[in-house]
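What the coordinates show
Spelled out, the chains give:
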Amino acid sequence: MLHTVVSYLRMVLPFIYIISTWRLADWRNWRKYYPTILFIISVDFFISVLMYEYPLWTFRGSLIITNHTIADFFLTFIIFPNLTLLYLSLYPYQSHLPKQALYIGSWFIFEAIMEYLFMNEKLITYHHGWHFGWSCVVWLFLFIGLRLHYTRPLWAWLLCFVCTAFLILYFHIPVTKFR
């Protein structure tokens, strides 16, 4: 039963993001968030290409999202743009650091729970030494990186390249053997 609920959740989650973004995001100023939306799409595509022949995680098929590529497209073109617009629109920029940390932490916990549910129901599997803990680190860096890119894009790109170099070295991604 839980597998069916989580499988449907994976199909419904993009619509939850779309509706939440439509209702709560700052659509009047979407252009100021657009570079960060392109940033997250670019990073996701780069990681997808980098790990095409050596995946650290794989999305399993379900009813409508039938394979890894379709799941990754949903993530790249529906979840991430809506997540970014919603996240940055509601970010407490003028608040003190603890409130900002709580905001980042809330998003992180939500996404970690979603990933845990998907992992637990085998809708995402890990390979080559990757595990749920690494995914949590990535989610945390994603939310910090989105905020960083919005205010200091060059620093966000630098952080992205340093993290990517770490992934390549730590997980022995065979980039020299790629086509």
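Above this text sits the structure in question.
In what follows, the accompanying structure is described. (Residues numbered from 1 in each chain as written. Predicted model: local features only at pLDDT ≥ 70, side-chain atom pairs only at ≥ 80, totals over all residues. Heavy atoms only, no water.)

With that settled, consider the environment of V175. Among the secondary structure elements, V175 is positioned in the segment after α6 (153–170). With a relative accessible area of 35%, V175 lands in the partly exposed category. Spatially, the C-alpha atom of V175 lies 22 Å from that of F59, the residues being 116 residues apart in sequence. Those residues in contact with V175 that lie beyond four places of it in its chain are L50 and I168. (Helix = DSSP H or I, 4+ residues; strand = E, 2+ residues; numbered from the N terminus. Buried < 20%, exposed > 50% of the residue type's maximum accessible area, 1.4 Å probe, protein only. Contact = heavy atoms within 4.5 Å.)

Here the focus is the packing of aromatic side chains. A ring pair, where both rings are aromatic, is described by two values, the distance of the centres and the angle of the planes. Under the criterion given, the structure shown has 28 aromatic pairs. Note on Y17 and F110: the rings are 6.5 Å apart at their centroids and 75° apart in plane angle, and the pair reads as edge-to-face. With Y17 in helix α1 (residues 2–24) and F110 in helix α4 (residues 97–120), the pair connects residues that are 93 residues apart, well separated along the chain. Both rings, one in F73 and one in F77, keep their centres 5.9 Å apart while their planes meet at 80°; by these two values the pair is edge-to-face. Of the two residues, F73 and F77 are both situated in helix α3 (residues 68–90); the distance of 4 residues between them amounts to about one turn of the helix. Since its relative accessible area comes to 42%, F73 is described here as partly exposed. (Phe/Tyr/Trp six-rings, centres within 6.5 Å; stacked < 30°, edge-to-face > 60°.)

Along the chain, T58 turns up in strand β1 (residues 57–59). Judged by relative accessible area, which is 19%, T58 ranks as buried. Of note is the side chain of T58, whose polar atom sits 3.0 Å from the side chain of H127. Among residues more than four places away in sequence, those in contact with T58 are H68, L123, I124, T125 and H127. (Polar contact = N/O pair within 3.5 Å; in protein donor to acceptor, adjacent residues only side chain to side chain.)

The subject of this paragraph is the environment of T151. Structurally, the position occupied by T151 is in helix α5 (residues 132–151). With a relative accessible area of 37%, T151 lands in the partly exposed category. Along the primary structure T151 and I16 are separated by 135 residues, whereas in three dimensions their C-alpha atoms are 27 Å apart.

Counting 47 residues, the largest nonpolar core has Y87, W107, L142 and F143 as its most contacted members. Of all the elements in the fold, those that place two or more residues in this core are α1, α2 (30–50), α3, α4, β2 (124–126), α5 and α6. Not counting the four nearest positions on each side in its chain, L142 is found in contact with I40, F80 and L83. (Core = buried A, V, L, I, M, F, W, Y, C linked by side-chain atoms within 4.5 Å.)

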